[in-house]
Amino acid sequence: MRPLVLPILLAISETQDKRQFERILPFLLKLMEVANGPTLVLFIQSSPKLQTKMSSDVVEKHLYPLLMKGCDSNEPSTQMQAAQSAVTSAEKVSYTVIRQTLLPRLHNMATKSLHAHVRVVALRCMGNLSQRMDKQTLEAMVTSVKAVLAQVTSTANRSSNSTSSSSDNLEIVMAGVEVLQSVAQHGGVEFACVHVLP
């Protein structure tokens, strides 16, 4: 029943202003609590529009946990959409929540995923968040990127000259370099010299 009702509720919510949206929000929140499978995917796809009508409190307490559930999914496309939506919604979420929930998931996606596109998206999301992070968190990001780059180097040395593997590895390396550049810009010259360049 949920997969049938949710698209209708989401379509209605898109046409409403913030005041009207408040009337439909309790129904959406109930569905968010039990979202999985197709319902979870629908919410993740609609999250950029939903978060514009939600207060920061609602985004942090209801939408963000749903996006974290998407990041934990075994489906690569769901993981990528959830991570990108989480970064888009990050300005409505506290620094602590981002640091404790999203960044560990991005690290896992970047270092453990078997899908190159998931790794690239996770790295780019880290780069987009780096401007908001403190130096300790930037160090953790650098550690994540170095772990990914070490994995790529190890894989490249072991694998045959597969064109698809080489292009995937190149994409991952470029995304890692983008993160390191962003971290270096935000951390400053001394930070870059101590943590990024070695």
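Nothing here was measured: the structure is a model prediction, and the numbers come from that model.

(A) Molecular detail of the nonpolar core. Phe43, Tyr64, Leu102, Leu106 and Leu129 are the most contacted members of the largest nonpolar core, which has 63 residues in total. Examining the composition of this core, we find that nine residues originate from one element, helix α7 (residues 116-129), more than from any other. Ignoring sequence-local partners within four residues, the contact set of Tyr64 consists of Val59, Ala86, Ser89, Ala90, Val93, Val97, Ile98, Thr101 and Leu102.

(B) Quick look at the environment of Ala122. Its location among the elements puts Ala122 in helix α7. Classification of Ala122 as buried rests on a relative accessible area of 0%. Residues Ala122 and Leu103 lie 19 residues apart in sequence; the distance between their C-alpha atoms is 9.2 Å. If sequence neighbours within four positions are ignored, Ala122 has contacts with Leu106, Met109 and Ala110.

(C) Focus on the layout of surface pockets. Volume-wise, the largest pocket comes out at about 210 Å³. Contributions of two or more residues to the lining of the largest pocket are made by α6 (95-112), α7, α8 (135-158) and α9 (163-187). Broken down by element, the lining of the largest pocket gets its largest block of residues, four residues, from α9.

(D) The side chain of Ser73, seen in detail. For Ser73, the location among the structural elements is in the loop between α4 (56-71) and α5 (76-89). Residue Ser73 is classed as buried on the basis of its relative accessible area, which comes to 17%. Excluding its chain neighbours within four sequence positions, the residues that come into contact with Ser73 are Thr78 and Gln79.

(E) Geometry of the packing of α6 against α7. Packing of α6 against α7 leaves a shortest axis separation of 7 Å and a crossing angle of 145°. Where α6 crosses over α7, the two elements pack in a sense that is left-handed. Of the residues in α7, those touching α6 at Ile98, Leu102, Leu103, Leu106, His107, Met109, Ala110 and Thr111 are Val118, Arg119, Ala122, Leu123, Cys125, Met126 and Leu129. For the contact of α6 with α7, the residue count by class is 12 nonpolar, two polar and one charged.

(F) Quick peek at α7. Relative to the 20 Å expected for 14 residues at 1.5 Å per residue, α7 spans 20 Å between its end C-alpha atoms, a close match to the ideal helical length. The buried count for α7 comes to 11 of 14 residues, which makes it a mostly enclosed element. Within α7, burial applies to Ala116, Val118, Arg119, Val120, Val121, Ala122, Leu123, Cys125, Met126, Gly127 and Leu129.

(G) Local environment of the side chain of Arg119. Looking at the element boundaries, Arg119 is found in helix α7. As a buried residue without a salt bridge, Arg119 has its nearest oppositely charged side chain in Asp168, at a separation of 9.1 Å. When neighbours within four sequence positions are excluded, Arg119 is seen to be in contact with Met109, Ala110, Thr111, Ser113, Val148, Gln151 and Ile172.

Rules used in this analysis
- Residues numbered from 1 in each chain as written.
- Predicted model: local features only at pLDDT ≥ 70, side-chain atom pairs only at ≥ 80, totals over all residues.
- Heavy atoms only, no water.
- Core = buried A, V, L, I, M, F, W, Y, C linked by side-chain atoms within 4.5 Å.
- Buried < 20%, exposed > 50% of the residue type's maximum accessible area, 1.4 Å probe, protein only.
- Helix = DSSP H or I, 4+ residues; strand = E, 2+ residues; numbered from the N terminus.
- Contact = heavy atoms within 4.5 Å.
- 1 Å grid on protein atoms, 1.4 Å probe; cavity = no way out; pocket = protein on both sides within 12 Å on 5 of 7 lines; lining within 4 Å.
- Points joined across faces, edges and corners; volume = space filled by probe spheres on them.
- Axes fitted to C-alpha atoms, helices over the stretch in contact; angles between N-to-C directions.
- Left-handed = near helix turned anticlockwise from the far one by under 90°.
- Nonpolar A, V, L, I, M, F, W, Y, C, P; charged D, E, K, R; others polar.
- Expected span 1.5 Å × (residues − 1).
- Lys, Arg positive; Asp, Glu negative; His and termini not counted.
- Salt bridge = Lys/Arg side-chain N within 4 Å of Asp/Glu carboxyl O.

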